[in-house]
Amino acid sequence: MNKKSFWKFRKVIIAFIALTIALTFPSEKVFGQTSWTAPKSANNLKNPYKNDKASLQKGKTLYKQYCAICHGEKGKGDGMAGMSLKPRPANLTKEAFFKQTDGAVFWKLTEGKPPMAAYKTVLTKEQRWQLVSYIKSLRK
Ligand code: HEC
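These remarks concern the structure in this document. Not measured: the values here are computed from a predicted model.

Regarding the overall build of the protein chain
Consideration 1: Each helix and strand in the protein chain was counted, giving eight helices and zero strands.
Consideration 2: The burial tally for the protein chain puts 31% of its 140 residues in the buried class.
Consideration 3: On the protein chain, roughly 9,900 Å² of surface is accessible, and the fraction owed to carbon and sulfur atoms is 61%.

Printed below as a string of structure tokens:
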């Protein structure tokens, strides 16, 4: 291709490169965050331990053991292991998080989404609900 026709096709080439980049890197890789939504059916799951003080306490212990390393001691998404992750671990003290149903949160920690693991087989149903209760209480 000679120099003249290169400039002629410059716009086409730039558009092609931009499109390739856009398709290769999903927005979460570029912006470091996603909107992870649970399926609607998850909203029907009811927390059997809601407002139960003892399970809240158990949830706290589990959180410190399994989750704080990424989500941070206070749930702000600032845990040591989460610093270099993309997307970054979610801030569990945010309004938008709190507004989700317990069922949606339960579904998320059951199914996981890389880099976050699925806790379906690691934690019992009861433990996952205890965690839901606890992390929903982190918003101050
Ligand atoms: C390896 C680091 C890591 C660990 C450990 C981890 N998470 Fe996550 N978590 C993430 C990341 C990263 C996201 C964001 C995923 C996304 O948005 O694509 C996330 C997202 C979430 C969300 C969704 C937040 C929202 O806004 O809807 C919940 C709920 C959650 N984590 C709970 C937990 C709980 C409970 C534990 C412990 C059992 C845990 N996580 C352990 C990395 C981690």
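Some words on the coordination of the iron atom of the ligand
Consideration 1: Looking at the iron atom of the ligand, the protein donor atoms are His 71 (NE2) and Met 116 (SD), and they sit 1.9 to 2.1 Å from it.
Consideration 2: The coordination sphere of the iron atom of the ligand comprises six donor atoms, whose angles at the metal cover 84 to 179 degrees; the geometry is octahedral. Here Met 116 lies in the loop between helix 7 (102-111) and helix 8 (125-135) and His 71 lies in helix 5 (residues 68-71), a separation of 45 residues in the sequence.
Consideration 3: Note on Met 116: relative accessible area 27%, which makes it partly exposed.

Here we look at the side chain of Asp 102
Consideration 1: One can find Asp 102 in helix 7.
Consideration 2: For Asp 102, a relative accessible area of 10% translates into the label buried.
Consideration 3: Here the side chain of Asp 102 touches Lys 136 through a polar contact of 3.0 Å, side chain to side chain.
Consideration 4: When near neighbours in sequence (up to four residues on either side) are disregarded, Asp 102 contacts Asn 47, Lys 50, Trp 129, Val 132 and Lys 136.

Overview of the nonpolar core
Side chains that are nonpolar tend, in soluble globular proteins, to be buried together.
Consideration 1: Grouped together as the largest cluster of nonpolar side chains are 17 residues, with contacts concentrated most on Tyr 63, Leu 92, Val 105, Leu 109, Leu 131, Val 132 and Ile 135.
Consideration 2: Those elements that provide at least two residues to this core are helix 4 (53-66), helix 7 and helix 8.
Consideration 3: If you tally residues by element for this core, the top one is helix 8, at five residues.
Consideration 4: Residues in contact with Val 105, not counting those within four places in the same chain, are Phe 97, Gln 100, Val 132, Ile 135 and Lys 136.

Notes on helix 4
Consideration 1: Between its first and last C-alpha atoms helix 4 spans 20 Å; for 14 residues at 1.5 Å apiece the expected length is 20 Å, and the two agree.
Consideration 2: Tucked inside the fold, the buried residues of helix 4 contact helix 5 and helix 8.

A look at the pattern of salt bridges
Consideration 1: Here the structure, examined in full by the defined rule, presents five salt bridges.
Consideration 2: The partner of Glu 95 in a salt bridge is Arg 139, with the nearest N and O atoms 2.5 Å apart. A residue pair is termed long-range when its members are at least 10 positions apart, and Glu 95 in helix 6 (residues 95-98) and Arg 139 in the segment after helix 8 qualify at 44 residues.
Consideration 3: With a closest N to O distance of 3.2 Å, Glu 111 and Lys 120 form a salt bridge.

Brief notes about the packing of helix 7 against helix 8
The description of two helices packed together rests on the angle between their axes and the distance between the axes.
Consideration 1: Where helix 7 contacts helix 8, the two axes come as close as 9 Å, and the packing angle between them is 125 degrees. Taken together, helix 7 and helix 8 sit at an angle that is classed as oblique. Like other packed secondary-structure pairs, helix 7 and helix 8 cross with a definite hand, here right-handed. For the pair formed by helix 7 and helix 8, the contact residues are Asp 102, Gly 103, Val 105, Phe 106, Leu 109 and Thr 110 on the first element and Lys 125, Arg 128, Trp 129, Leu 131, Val 132 and Ile 135 on the second.
Consideration 2: Within the contact of helix 7 with helix 8, the residues separate by chemical class into seven nonpolar, two polar and three charged.

How each quantity is defined
- Residues numbered from 1 in each chain as written.
- Predicted model: local features only at pLDDT ≥ 70, side-chain atom pairs only at ≥ 80, totals over all residues.
- Heavy atoms only, no water.
- Helix = DSSP H or I, 4+ residues; strand = E, 2+ residues; numbered from the N terminus.
- Buried < 20%, exposed > 50% of the residue type's maximum accessible area, 1.4 Å probe, protein only.
- Areas by Shrake-Rupley, 256 points an atom, 1.4 Å probe, with all protein chains shown as cover.
- Donors = N, O, S within 2.8 Å, 3.2 Å for Na, K, Ca; no water.
- Tetrahedral: all angles 85-135°; square planar, octahedral: opposite > 155°, others 65-115°.
- Polar contact = N/O pair within 3.5 Å; in protein donor to acceptor, adjacent residues only side chain to side chain.
- Contact = heavy atoms within 4.5 Å.
- Core = buried A, V, L, I, M, F, W, Y, C linked by side-chain atoms within 4.5 Å.
- Expected span 1.5 Å × (residues − 1).
- Salt bridge = Lys/Arg side-chain N within 4 Å of Asp/Glu carboxyl O.
- Axes fitted to C-alpha atoms, helices over the stretch in contact; angles between N-to-C directions.
- Parallel < 35°, antiparallel > 145°, perpendicular 65-115°, else oblique.
- Left-handed = near helix turned anticlockwise from the far one by under 90°.
- Nonpolar A, V, L, I, M, F, W, Y, C, P; charged D, E, K, R; others polar.

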